[in-house]
Amino acid sequence: MAGNGPTPKDERRRRNESRRDAAAVEIEALTAGVADAPEIDLSRLSVRTQEYYAAILRSPQAAVYQPTDWMRVRDLLTLKDLFYRNEGDPVLILKLAAEIRQLEDRLLFGQKERASAGVRVKPPMKAEEPEESEPDPFAGMD
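So, here's what we can say about the structure. The shown structure was predicted, so the numbers you read here are calculated from the model rather than taken from an experiment.

**Thoughts on the packing of helix α1 (residues 47-58) against helix α2 (residues 67-85)**
Two elements in contact, α1 and α2, have axes separated by 9 Å at closest approach and are oriented at 150 degrees. Between α1 and α2, the angle falls in the class roughly antiparallel. Crossing of α1 over α2 shows right-handed handedness. Contact with α1, carried on its side by Arg48, Thr49, Tyr52, Tyr53, Ile56 and Leu57, involves Trp70, Val73, Leu76, Leu77, Lys80, Asp81 and Tyr84 of α2 and no other residues of that element. Here the contact of α1 with α2 is composed, by residue class, of nine nonpolar, one polar and three charged.

Below is the structure:
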């Protein structure tokens, strides 16, 4: 037996325990787009940036974005488009990549960032299976 003193109580939570178990916000995984996303003119953006924005709209954390978060998304799209279109200046690419990474972290794009912010994504509810129209002819045979 290690240590002196009484054993710790099971129901007591220690200060240094991880808070990953407790979610500050629980979000359901989206199956469709976000309804309150602002209209953004995507015609000037590259196809790759448009696909990136579509992925943002389908992401579960987009359900809790506030208007200021959508302003950051708009800024992020501009930077991401510059990043995709730039082919010549490696210094600019590195600076853009650093800024893009910071914005993505603030918008909780990665699982690590969501976990540290206390955001938990619930998996989508499974649709009920339709009833079989015909009985199984092999049911009960062993």
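Once the structure has been displayed, the description carries forward.
**Observations concerning the pattern of salt bridges**
What the rule picks out here adds up to four salt bridges. A salt bridge links Lys80 to Glu104, with the nearest nitrogen and oxygen atoms 3.6 Å apart. Taken together, the residues span a long stretch of sequence, with Lys80 in helix α2 and Glu104 in helix α3 (residues 90-106) at a distance of 24 residues. You'll find Lys80 and Glu104 in the same group, each marked buried. Asp81 is paired through a salt bridge with Arg85; the nearest N and O atoms lie 2.7 Å apart. Separated by four residues within a single helix, Asp81 and Arg85 lie in helix α2, roughly one turn from each other.

**Some points on the packing of aromatic side chains**
Considering all chains together, one arrives at three aromatic pairs under this definition. Here the aromatic rings of Tyr52 and Phe109 are separated by 6.3 Å at their centres, their planes lie at 55 degrees, and the arrangement is tilted. Linking Tyr52 in helix α1 with Phe109 in the loop between α3 and α4 (111-116), this pair joins segments that are 57 residues apart in sequence.

**Considerations on the layout of surface pockets**
By volume, the largest pocket is sized at about 160 Å³. Residue lining of the largest pocket: Ile40, Asp41, Arg44, Leu45, Arg74, Leu77, Thr78 and Asp81, and that is the complete set. Within the lining of the largest pocket, the residues separate by chemical class into three nonpolar, one polar and four charged.

**Side note on the environment of Leu79**
As for its placement among the helices and strands, Leu79 is situated in helix α2. Spatially, the C-alpha atoms of Leu79 and Leu103 are 9.9 Å apart, while their sequence positions differ by 24 residues.

**Some words on the nonpolar core**
Of all hydrophobic cores here, the largest spans 20 residues; its most connected members are Tyr53, Ile56, Tyr65, Trp70, Val73, Leu76 and Leu77. Within the residue set of this core, elements represented by two or more residues are α1, α2 and α3. Residue contributions to this core peak at six residues, all from α2. Ignoring anything within four residues of it in the chain, the contact list for Ile56 reads Ala62, Tyr65, Val73, Leu76, Leu77 and Phe109.

What counts, and where the lines are drawn
- Residues numbered from 1 in each chain as written.
- Predicted model: local features only at pLDDT ≥ 70, side-chain atom pairs only at ≥ 80, totals over all residues.
- Heavy atoms only, no water.
- Axes fitted to C-alpha atoms, helices over the stretch in contact; angles between N-to-C directions.
- Helix = DSSP H or I, 4+ residues; strand = E, 2+ residues; numbered from the N terminus.
- Parallel < 35°, antiparallel > 145°, perpendicular 65-115°, else oblique.
- Left-handed = near helix turned anticlockwise from the far one by under 90°.
- Contact = heavy atoms within 4.5 Å.
- Nonpolar A, V, L, I, M, F, W, Y, C, P; charged D, E, K, R; others polar.
- Salt bridge = Lys/Arg side-chain N within 4 Å of Asp/Glu carboxyl O.
- Buried < 20%, exposed > 50% of the residue type's maximum accessible area, 1.4 Å probe, protein only.
- Phe/Tyr/Trp six-rings, centres within 6.5 Å; stacked < 30°, edge-to-face > 60°.
- 1 Å grid on protein atoms, 1.4 Å probe; cavity = no way out; pocket = protein on both sides within 12 Å on 5 of 7 lines; lining within 4 Å.
- Points joined across faces, edges and corners; volume = space filled by probe spheres on them.
- Core = buried A, V, L, I, M, F, W, Y, C linked by side-chain atoms within 4.5 Å.

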